[in-house]
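So you can see what is in the structure, the chains are spelled out below.
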Amino acid sequence: MRKHLNPATLSVALAVLSLASSAVGSAQTPAAPNTKREEFEALGACAKAVTQGIRPIATTRDLRFLAKVSDENALCRGGVRSEMFRMTPWVDWTNYWGTGDMASLPTGFITPKVPALRGVSGALLDLEFERVELIKFNLFDNSETYKDYVAGRANIDGPALKTWPSMRLPSTNPSYAAVGGVGTQVCRGDLVRGRNLTGICNDVVNPLMGSVGTPFARNVEFETSFPDLGITQLTANRHGGRIGLLSPDPQVISRTLFTRTQTSGNNCSAGFGLQDNAATADCDYQKAPFFNVLAAYWIQFMTHDWFSHMEEGHNATEYMDVGCNTKLVNGKEVPLTSEEVAQYGCRPNDRVDRTFVQQDSMPETFTANGKTYMARAPKTFANTNTAWWDASQIYGYDETSVKRVKRDPADLAKLLQEHLPGATGDPVTSGYLPLLQPGDPQQPQWAGQEAVGFPDNFTIGMSFLHNLFVREHNSFVTAFRRQAALTPGNDSGLRNPSNPEQVIRYRDVTPDELYAAARLVVSAEIAKIHTIEWTPQLLYNDPLYKGMNANWNGLLGTGDPLVSDALRNVVTKGFGTSTSGNAATKWYSVFSSGPGIFGLGSTARGYDITRPESINGGVNHFGSPFNFPEEFVSVYRLHPLVPDLIEFRDLNKDPNRVTEKISVISTFEGRSAEAIRTGGMANWGLSMGRQRLGLLTLHNHPQFMQNILLPRLDSSTQKIDLAALDLIRDREHGVPRFNEFRRQYGLRQLTSYDDFVDKHLDSSSAAYKSQQEIVSELRQVYGTHVCDSSKIITDAQVNDDRTPINDCLGHPNGSVVDNIEDVDTVVGYLAESTRPHGFAISETQFVVFILNASRRLFSDRFFTSSFRPEFYTQMGVDWVNHNGPGPEQMEKGTPNGYRQPVSPLKRVLLRNIPELKNELDPVVNAFDPWARDRGQYYSLDWKPRAGAETDPAFRQ
């Protein structure tokens, strides 16, 4: 019977089962009126949609889903409103019932539950279709594996391949002999017990995968990368010779589209505030009411773990100009006058070091299935960090960085903490990281900073989070030591694969073994926080709450464990071992929605720690070795999140009062250590937890970021505009421009700058007029041209009538059209004003997350089949599952209609900064501003919770 199940139908069934007790059942006062007629028409549309059946997965990329559904499905899931906006370029599910706040729930119906159930489950189904097609069409590895991915090998479909010759350790690697040398390479013994420093042996049969120095992958066809090179005729047609590394001028774009406009006389001082941090300073910025500054720093903390193009704080030795030279006039680039330079406020003499390039020779090509392919991108770049979610920013990632990581000589299982003069209380919860010492590997700009694995671009937020998770590491070690003292002869759960039968008792665990287990626990906690706490607040609506929890726990959640275990076996032993590309990719993705990705393969019958097929059994790379793609790096250019000034508060005085306004730039590098120690962890946590971060939109980059002083730069100004540099780095790394970027990821293209205007808005509203002004600015910066319909510009998609997409984008031949194809991807996604409810990011950024957020879990055995006591200890497994020591603690009430555990970051904060208990008690998600009243069903209202009425933030 099992082999005849329709996985797509199962996905719907799982969504419906999980939604049966969801928030839609608890909503009492829906806000938007709907008619009985609409209800009956929607039911009729549902019946028609059922007869149409589930849409097939696309066989070619030009037939992709595009997140656009049929008229019947739109009406069934969201009524008339959903139908109204189907012809826009944006995804359909955002208009379904139940996918927003109370206003998205139908009124006047027999019951609001069933339509909302259809809406949210329909959104989940749309998202799963997107994920399946992303896995099928968007994996492009740069490590000599792509030919096999396309053509297959030894009668195995490419997407079902599990090993690759290029993922072997080279003879120069110190572990070369240990994994098998010239023969079959398999990681064994100590190499499989924990996370290795350089990232090797995460996949035990592909030892090199994800390790330091392996090349970034791509999520776009190689031929579409580096569009400025015009390698193909399609690319040349698409851009018409208009783009280059400095075209259009990045500093002009920055000053025209990115700058935060300031109220005259607000004492912002270009983001530097006032002397003595006077609270009378103010820097205007567009604020997100449902996301706090702690969340902004969190994502910087994550990226320091995931990827880097730099080596020890610097790029290549060659320098380049960074713009402030030209502007577009009537489609032509003309030099800026000195008056225009002054007007823009840019700097022609800024220069910056180029990115390191790993390979820049033209790639080989191969032919398969009658088509010619590039074997890799025209240029490749090394990820100088590990690609795994392994907390390498804390623990180090190579032999140089690990020398900055200080272990406690009194207990080598712990990380070293220093205690301030006069400090009392728990040594873990009152300790701080030590500072870098003269003998430690460091750049001059890091002097005075705290000693961590990844010390570059260090800020007060990095200091706070590093200190917090060093405390968490030591809290786990302390708890383990306490248990060992109580039950020294009990089984710790750890095992050594070199001697698997030997029980390792608590008293037998060595400091190195406990240190490694603590690192596994901290890494998993960080991944869990990001997956089920940070991301659902970033994407604050019901489908994404359920979707992200499904990534971790499955759509079945904490339901019947027998069903979850059965589905895990179907996924890992059925689809996971298949030689069919379809079974190994799309059905694997769909079925894993049931039990969740985390822990896949860890409960397999007959699990044996000495067997690679057990240790690696839950891993799936979908035929392409894991590393982060350059496009993923691009969509994490999130600088508008950061305010110019931190509203500093004192927990011991009045949390509702802002005592200082501290410029973010004054807490950079070595000044961060002084700031965290002077202000204290509790006060900085309070300050970042309460303050709203900035919206990811145009005209919202921090002013200080456009004028950062970097003494390391070999230029006359020693300054750089980081907003402009974001554009330059994307262009250097070959990221396609915005419209082709969307096509490559299976989203509908735009046909003019006017498409950026939100069609939901009243044309008389201030927001609509503001967006029209942005359209004018885009036209000024990127320009227009006379189109030529004979020029085909892409093969990633076709028009609705199946004809090729040409230079005119549906406009008449010879008409003047917007240069929408030239818009930089960063500019495009910041310009997207039409977004799903509660999205702090754009749908273009989000689709990149759909693919890569899942892959980094699917590919990591420590989050799948190696999440077991043999690696983590039994205490470690329970700690991760329960969000800390002891049994799971439940949150009060049913936030947004759900009974849920106290969130993992909230518990980490309570454990390691206990002074925050009263402040955190009413908080549900630690990334929601701590004094905000969350209201009903995904409300975005900016209202104070009880006790915070006098907080001045609620008067802004």
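Residues numbered from 1 in each chain as written. Predicted model: local features only at pLDDT ≥ 70, side-chain atom pairs only at ≥ 80, totals over all residues. Heavy atoms only, no water.

Enquirer: Please set out the overall build of the protein residue by residue, giving values where relevant.
Expert: Scanning the protein from terminus to terminus reveals 28 helices and 20 strands. For the protein, the C-alpha radius of gyration of 27 Å lies close to 30 Å, the compact-globule estimate for 956 residues. Its C-alpha atoms give the protein principal-axis dimensions of about 80 × 75 × 65 Å. A separation threshold of at least 6 residues defines the contact pool for the protein, and within that pool the share at least 24 residues apart is 74%. Here the protein holds 94 positive side-chain charges and 106 negative ones, and the gap between their average locations is 4 Å. (Helix = DSSP H or I, 4+ residues; strand = E, 2+ residues; numbered from the N terminus. Rg over C-alpha atoms; globule rule 2.2 N^0.38 Å. Contact = heavy atoms within 4.5 Å. Lys, Arg positive; Asp, Glu negative; His and termini not counted. Charge placed at Lys NZ, Arg CZ, Asp CG, Glu CD.)

Enquirer: If you had to explain the packing of helix 13 (residues 542–553) against helix 24 (residues 843–858) to someone new, which residues and values would you point to?
Expert: At a minimum axis separation of 10 Å, helix 13 and helix 24 run at an interaxial angle of 20°. It follows from the interaxial angle that helix 13 and helix 24 lie roughly parallel. Facing Leu-544, Asn-551 and Trp-552 of helix 13, the residues of helix 24 in contact are Phe-846, Ala-853, Ser-854 and Leu-857. In the contact of helix 13 with helix 24, the residues fall into five nonpolar, two polar and no charged. (Axes fitted to C-alpha atoms, helices over the stretch in contact; angles between N-to-C directions. Parallel < 35°, antiparallel > 145°, perpendicular 65-115°, else oblique. Nonpolar A, V, L, I, M, F, W, Y, C, P; charged D, E, K, R; others polar.)

Enquirer: Residues and numbers for helix 8 (residues 293–306), please.
Expert: The end-to-end C-alpha distance of helix 8, which contains 14 residues, comes to 21 Å, matching closely the 20 Å that a straight helix rising 1.5 Å per residue would cover. For helix 8, the tally of buried residues reaches 14 of 14 residues, placing the bulk of the element in the interior. (Expected span 1.5 Å × (residues − 1). Buried < 20%, exposed > 50% of the residue type's maximum accessible area, 1.4 Å probe, protein only.)

Enquirer: Break down the packing of helix 12 (residues 511–538) against helix 27 (residues 904–912) for me, with residues and values.
Expert: Across the interface, helix 12 lies against helix 27 with an axial gap of 8 Å and an inter-helix angle of 130°. Here helix 12 lies oblique to helix 27, going by the angle between them. Here Glu-525, Lys-528, Ile-529, Ile-532 and Glu-533 of helix 12 lie close against helix 27, whose contacting residues are Pro-904, Leu-905, Lys-906, Val-908 and Arg-911. Classifying every residue of the contact of helix 12 with helix 27 gives five nonpolar, no polar and five charged.

Enquirer: Go over the nonpolar core with me, naming the residues and quoting the values.
Expert: Within the largest apolar cluster, 218 residues are counted, with the highest numbers of intra-cluster contacts made by Phe-464, Phe-469 and Tyr-872. Apart from residues lying up to four places away in sequence, Tyr-872 is in contact with Phe-476, Leu-494, Ala-517, Leu-520, Val-521, Ala-524, Phe-862, Phe-863, Ser-866, Phe-867, Val-877 and Val-880. With six residues, the next largest nonpolar core counts Val-252, Leu-336, Tyr-344 and Cys-346 among its residues. (Core = buried A, V, L, I, M, F, W, Y, C linked by side-chain atoms within 4.5 Å.)

Enquirer: Tell me what's going on with unusual backbone geometry, and back it up with residues and numbers.
Expert: The linkage connecting Ser-247 with the following residue, Pro-248, adopts the cis geometry, with an omega of -15°. On the secondary structure map, Pro-248 appears in the loop between helix 6 (233–239) and helix 7 (250–258). For Ala-67, which is not glycine, the phi torsion reads 60° and is therefore positive. Tracing the sequence through the fold places Ala-67 in the loop between helix 2 (36–52) and helix 3 (71–84). You can call Ala-67 buried: its relative accessible area is 0%. Located in the positive-phi region is Tyr-937, a residue other than glycine, with phi close to 25°. Tracing the sequence through the fold places Tyr-937 in the segment after helix 28 (917–920). On the basis of relative accessibility, which here comes to 5%, the residue Tyr-937 falls in the buried class.

Enquirer: Requested: an account of the pairing of strand 14 (residues 645–649), with residues and values cited.
Expert: Among the five residues that make up strand 14, five are buried, leaving the element largely enclosed by the rest of the structure. Of the two faces of strand 14, the one carrying Leu-645, Glu-647 and Arg-649 and the one carrying Ile-646 and Phe-648 are both buried. Here five bridges tie strand 14 to strand 15 (residues 658–663), and the two strands are oriented antiparallel to one another. By the bridge assignment, Arg-649 is partnered in strand 15 with Val-658. (Pairing = 2+ DSSP bridges.)

Enquirer: How would you explain the state of the cysteines if you had to name every residue and give the values?
Expert: Following the criterion strictly, the structure yields five disulfides and no others. Sulfur-sulfur distance for the disulfide between Cys-46 and Cys-76 comes to 2.0 Å. Judged by the sign of its S-S torsion, about 95°, the cystine formed by Cys-46 and Cys-76 is right-handed. You can see Cys-46 sitting in helix 2 and its partner Cys-76 sitting in helix 3, a full 30 residues away along the chain. Shown here is the disulfide that connects Cys-268 with Cys-283, its sulfur atoms set 2.1 Å apart. (Disulfide = S-S within 2.5 Å.)

Enquirer: I'd like to hear about helix 18 (residues 670–679), residue by residue, with values.
Expert: Note on helix geometry: an α-helix contains 3.6 residues per turn, so any two residues three or four positions apart are oriented the same way. Listing the buried residues of helix 18 in full gives Ser-672, Ala-673, Ala-675, Ile-676 and Gly-679. With its buried residues spanning 165° around the axis, helix 18 presents them on a single face. Across helix 18 from its buried face, at more than 90 degrees, point the exposed residues Glu-674 and Thr-678. Close packing links the buried residues of helix 18 with strand 13 (431–432), helix 11 (460–486), strand 14 and helix 19 (681–690). Two residues or fewer after helix 18 comes Gly-680, characterised by a positive phi angle close to 90°. (Arc of directions from axis to C-beta.)

Enquirer: Describe the pattern of salt bridges, and please don't skip the residues or the numbers.
Expert: A pair can form between side chains of opposite charge whenever their charged atoms are brought close. Applying the stated criterion across every chain yields a total of 56 salt bridges. Between Glu-312 and Arg-404 there is a salt bridge, with its nearest N and O atoms 2.8 Å apart. With Glu-312 in the loop between helix 8 and strand 4 (319–321) and Arg-404 in the loop between helix 10 (392–395) and strand 10 (407–408), this pair connects stretches of sequence that are 92 residues apart. Given a relative accessible area of 0%, Arg-404 falls into the buried group. Arg-868 is the partner of Glu-870 in a salt bridge, and the nearest nitrogen-oxygen pair spans 2.9 Å. Of the two residues examined, Glu-870 and Arg-868, each falls in the buried class. Three or more residues joined by partner-sharing salt bridges are found here, namely Glu-647, Arg-649, Arg-690, Glu-919, Arg-945 and Asp-951. (Salt bridge = Lys/Arg side-chain N within 4 Å of Asp/Glu carboxyl O.)

Enquirer: Give me the lowdown on the packing of aromatic side chains, citing residues and values where you can.
Expert: According to the stated counting rule, one finds 52 aromatic pairs in the structure shown. Here the aromatic rings of Trp-306 and Phe-632 are separated by 5.7 Å at their centres, their planes lie at 50°, and the arrangement is tilted. With a gap of 326 residues between them, Trp-306 in helix 8 and Phe-632 in helix 17 (residues 630–635) connect regions that are remote in the sequence. Under the relative-accessibility criterion, Trp-306 is labelled buried at 0%. Here Arg-55 stacks its cationic end above the ring of Phe-129, 5.8 Å away from the centre of that ring. The ring of Tyr-285 is capped by Lys-287, whose NZ or CZ atom sits 4.5 Å from the centre of that ring. (Phe/Tyr/Trp six-rings, centres within 6.5 Å; stacked < 30°, edge-to-face > 60°. Lys NZ or Arg CZ within 6 Å of the ring centre and 35° of its normal.)

Enquirer: Please provide a residue-by-residue account of the side chain of Thr-864, values included.
Expert: Secondary-structure assignment places Thr-864 in the loop between helix 24 and helix 25 (869–872). Judged by its relative accessible area of 0%, Thr-864 falls in the buried class. For Thr-864, the side chain forms a polar contact with the main-chain oxygen of Asp-860, separated by 3.1 Å. Thr-864 has contacts with Ile-597, Gly-599, Leu-600, Ser-602, Gly-618, Val-619, Leu-857 and Phe-858, leaving out every residue within four places of it along the chain. (Polar contact = N/O pair within 3.5 Å; in protein donor to acceptor, adjacent residues only side chain to side chain.)

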